[in-house]
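# A look at the structure
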Amino acid sequence: QTGSANTNPSDSADDEYITNVSIGTPAQVLPLDFDTGSSDLWVFSSETPKSSASGHVTYSPSKSSTAKKLSGASWSITYGDHSSSSGDVYTDKVTVGGFSVSSQAVESATKVSTQFVQDTVISGLLGLGFDVGNTVKPRAQKTWFSNAANSLAQPLFTADLKHQQTGSYNFGFIDTTLAKGPIGYTPADGSEGYWGFTATGYSVGGAKLNRNSITGIADTGTTLLLLDDDVVNAYYNNVESAQYDDSQQGVVFDCSEDLPSFSFGVGGTTITIPGSLINLTPVSDGSSTCFGGLQSSADIGINIFGDVALKAALVVFDLGNERLGWAQK
Ligand SMILES: CC(C)(C)S(=O)(=O)N[C@@H](Cc1ccccc1)C(=O)N[C@@H](Cc1c[nH]c[nH+]1)C(=O)N[C@@H](CC1CCCCC1)C(O)(O)C(F)(F)C(=O)NCCN1CCOCC1
């Protein structure tokens, strides 16, 4: 058994990726942000304050014949960008890419922070992190993938995110035709709920990889590639017009710059992010100043290989073997 779902960038900056999910009977289809950086499946619902839910597709458990209230259960989550949500819990049938989990914990939002209210292109998140990161109390719930894993042909999923094009999340199989190079595997550390791993070195502009390892997480829910200052400086020292812009809270440069590529070693293979993917977007419409897709992780305390890095690769999230696979695209 397998599943395959298309995923699309939310806007011209590939800020987040939207994947449709069917919940309940009859199916209620909600656009969700698949997030390997967290482990809760939560949605805007009939229980979300009307003012907050305006503009969002919502889930109504009362309209689903297969919905059941998980009595006494609640959840509350805060993300790295300080956005947050909380509420109560139902179980219902959840289908992703044609594969159904009959009794999935669906966390219904009774409160959402401003960023979620404003982000009307998504109706919630589908966490693809490790179950240890789930916030439901008194008993933590499993992610959709964790519930599906034993019935899938293989206990793994792949992420194939693309710049301004439709990509895919595949469950239970690896479509190697999506990759140009071999898959390099490396152990995954799920102890914090994230898909943690260590890159063995990096280089700028196609030079030979150095041996400075980088430990971080593979996170589909984070837009940028967020790394240590010494790596960020080593990269932007090659970009003539690069400078830190206080108002933008990041490095910006002339949009006309021909940016160097950024490569990192993982599992015996090398992943090269073309410079074009590091030119994320003009700082505002029509501006000739662009915002960098590689930024500092200094104030986060953890390195994040977010969408800017993931777009250059086919990434295998292999729960069965507790490992991550990366292949050049
Ligand atoms: C807004 C922006 C300037 C484009 S952005 O670059 O900041 N992009 C946001 C995502 C986004 C895109 C579009 C609209 C709104 C929000 C982004 O990259 N947010 C990261 C930034 C970050 C990470 N760390 C520090 N800062 C984040 O919080 N990502 C989380 C998912 C986001 C949350 C907001 C909505 C979109 C999805 C995340 O889950 O990937 C996470 F891993 F960073 C995270 O916070 N995981 C929560 C882990 N907890 C630990 C405790 O137990 C519970 C789970």
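Predicted model only: the values in this text are computed from it and were never measured.

Along the chain, T25 connects to P26 via a cis peptide bond; the corresponding omega equals -5°. Within the secondary structure, P26 is located in the loop between β2 (17–23) and β3 (28–35). With an omega of 5°, the peptide bond running from K137 to P138 counts as cis. Structurally, P138 is set in the loop between β8 (124–127) and α3 (144–149). Even without a glycine there, the phi angle at Q164 is positive, about 55°. With respect to the helices and strands, Q164 occurs in the loop between β9 (156–160) and β10 (167–171). On the accessibility criterion, Q164 (39% relative accessible area) is partly exposed. In this structure, E322 takes a positive phi of about 45° despite not being glycine. Tracing the backbone shows E322 in the loop between β24 (313–318) and β25 (323–328).

Turning to the site of the ligand, a few remarks are in order. Around the ligand lies a shell of 24 residues, among which D35, G37, G80, D219 and T223 are the nearest. At a separation of 2.6 Å, an oxygen atom of the ligand approaches a polar backbone atom of G80. In the environment of the ligand, an oxygen atom lies 2.6 Å from a nitrogen or oxygen atom belonging to the side chain of D219. For the ligand, the protein covers 75% of the area, taking 950 Å² as the surface of the free molecule. Judged by its atoms lying within 2 Å of the grid points, the ligand is housed in the largest pocket. Going through the elements one at a time, β3 and α2 (114–118) are the ones with two or more residues in the shell around the ligand. Tallied by class, residues from the shell around the ligand come to seven nonpolar, ten polar and seven charged.

With respect to the secondary-structure elements, T143 resides in the loop between β8 and α3. For the pair T143 and Y235, spaced 92 residues apart in sequence, the C-alpha to C-alpha distance is 37 Å. Ignoring sequence-local partners within four residues, the contact set of T143 consists of S39, Q104, G127, G129 and D131. Engagement of the side chain of T143 in a polar contact is seen with the backbone nitrogen of S146, the distance being 2.9 Å.

Cut-offs used in this document
- Residues numbered from 1 in each chain as written.
- Predicted model: local features only at pLDDT ≥ 70, side-chain atom pairs only at ≥ 80, totals over all residues.
- Heavy atoms only, no water.
- Helix = DSSP H or I, 4+ residues; strand = E, 2+ residues; numbered from the N terminus.
- Buried < 20%, exposed > 50% of the residue type's maximum accessible area, 1.4 Å probe, protein only.
- Near = heavy atom within 4 Å.
- Polar contact = N/O pair within 3.5 Å; in protein donor to acceptor, adjacent residues only side chain to side chain.
- Areas by Shrake-Rupley, 256 points an atom, 1.4 Å probe, with all protein chains shown as cover.
- 1 Å grid on protein atoms, 1.4 Å probe; cavity = no way out; pocket = protein on both sides within 12 Å on 5 of 7 lines; lining within 4 Å.
- Sits in = over half its atoms within 2 Å of the grid points.
- Nonpolar A, V, L, I, M, F, W, Y, C, P; charged D, E, K, R; others polar.
- Contact = heavy atoms within 4.5 Å.

Keep in mind these values describe shape, not function.
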